[in-house]
Amino acid sequence: MVKRFVLQWHLSENCNLRCLHCYQESHEPIQLKYEKLVDIYNQFKELLKKLKMKGHINITGGEPLCNPYFFKILDLIKKDKELITFSILTNGTLITDEIAKKIKSYNPYYVQVSLEGGKKTNDYIRGSGTYEKIAKGIINLRNQDIFTSISFTATRLNYKEFPKVVKYARKYDVNNVWSDRYIPLGDSEDKNLALNYEQTRKYLSIMNKERNKLRKIKNNNTTISMYRALQFQMTNDFAYGCTAGDTLLTVMENGDLVPCRRMPIVVGNLFEKSMYDLYKNSKILKELREKKIPDDCLDCEHSEMCHGGLKCLTYAIYKDLNHKDIGCDENC
């Protein structure tokens with residue numbers, strides 16, 4: 001598998017939903033002109049050229065389909081298909097049959113759709129009626145044979161409902177389900193959504209149980225990915241290490257560059273300094289690339305790969321990277 005540099009690109013904050021746990025709720029909507037978006041895209045190509053790597057772009061928002069330049073951006077990527085692949089991260093509610101056919105023509109690597117539990121919980125978090133709208137969007141994607149993944153963000157409100165998401169995925173022939181924990185970015189109410197240690201262990205156990213159940217079902221087409229921070233502790237799979245700041249960067253809707261959307265440390269703005277210059281010279285990105293092992297992880301057998309678990313969660317809790325993941329098994 002060829003190692004690629006991943007860019008998560010928030011085209012704008014335009015969105016048709018107002019989700020309870022949205023990371024962007026406190027932001028004012030910003031919509032860059034198309035010329036500015038082209039500049040960002042070209043800066044990513046320059047970074048790839050100088051690093052001698054191929055790239056992948058996760059196109060997101062807000063809701064990317066609300067962006068007036070969404071398909072024009074796909075046109076750019078299509079011209080560079082030998083250099084850059086792409087995926088779409090969407091809430092799924094705007095994917096009509098016509099939109100799905102158009103997306104298929106660009107050959108996405110995958111389309112990721114968000115779902116937060118059973119109907120009652122999902123609609124509480126994402127808005128009334130979204131449960132059915134998401135299903136319609138998924139059906140349209142799968143009718144076009146587009147690889148479709150469901151993303152489940154685990155919070156204190158919904159982590160026990162992961163099995164309902166898996167059931168939903170099987171019903172609509174979704175290819176893959178993946179999940180990660182919610183990262184608090186703001187006030188105390190925001191932090192109350194995050195899983196504590198005990199809830200994290202229960203959540204990971206639920207995920208692993210569902211994955212094992214799927215593996216025993218004949219002719220099952222849905223898989224559960226558990227290649228995320230700490231999930232390997234339940235599966236005994238290869239340990240995961242965060243790539244933020246190394247082979248992953250995120251561009252926000254105003255051109256700010258951050259290591260990851262869930263680690264919103266602004267290292268600079270792409271209309272003031274180039275992506276390559278910021279990548280090479282940013283203090284925080286250099287620190288992330290050094291992959292220092294937290295002091296309380298030094299004796300762990302997984303530390304050389306795991307590097308302390310979810311760095312974004314550690315930063316959100318401590319504002320300091322020198323701590324192990326709060327959900328980590330104490331006996332690890």
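All values derive from a computational prediction rather than experimental measurement.

1. Topic: the pairing of strand β1 (residues 4–10)
Logical step 1: With five of seven residues buried, β1 lies mostly within the body of the structure.
Logical step 2: Where β1 meets strand β2 (residues 54–60), seven bridges bridge the pair, whose relative direction is parallel. Each residue of the ladder has a partner; that of Trp9, found in β2, is Ile59.
Logical step 3: As paired strands, β1 and strand β8 (residues 248–251) are joined by four bridges and run parallel to one another. In the strand pairing of β8, Leu7 is matched with Leu249.

2. What about the packing of helix α6 (residues 162–171) against helix α8 (residues 197–215)?
Logical step 1: Two elements in contact, α6 and α8, have axes whose closest approach is 9 Å; the angle formed by their N-to-C orientations is 30°. With respect to α8, the element α6 is oriented roughly parallel. Two packed elements cross with a definite hand, and for α6 against α8 that hand is right-handed. Between α6 and α8, the contacting residues are Phe162, Pro163, Val166 and Arg170 on the first element and Ile206, Met207, Glu210 and Leu214 on the second.

3. A short note on the environment of Cys328
Logical step 1: With respect to the helices and strands, the residue Cys328 is situated in the segment after α13 (311–318).
Logical step 2: Note: C-alpha distance between Cys328 and Ile317 (eleven residues apart in sequence) is 14 Å.

4. Considering the sheet that holds strand β10 (residues 268–269)
Logical step 1: Judged by pairing direction, the sheet is mixed, and its ten strands sit side by side in the order β7-β6-β5-β4-β3-β2-β1-β8-β9-β10 without closing on themselves. Lying at the two open borders of the sheet, with one neighbouring strand each, are β7 (223–225) and β10.
Logical step 2: In this fold helix α1 (residues 34–51) packs onto β1, β2, β3 (84–90) and β8, with an angle of close to 165° to the strand it touches most, β1.

Here is what the cut-offs are and how they apply
Residues numbered from 1 in each chain as written. Predicted model: local features only at pLDDT ≥ 70, side-chain atom pairs only at ≥ 80, totals over all residues. Heavy atoms only, no water. Buried < 20%, exposed > 50% of the residue type's maximum accessible area, 1.4 Å probe, protein only. Helix = DSSP H or I, 4+ residues; strand = E, 2+ residues; numbered from the N terminus. Pairing = 2+ DSSP bridges. Axes fitted to C-alpha atoms, helices over the stretch in contact; angles between N-to-C directions. Parallel < 35°, antiparallel > 145°, perpendicular 65-115°, else oblique. Left-handed = near helix turned anticlockwise from the far one by under 90°. Contact = heavy atoms within 4.5 Å.

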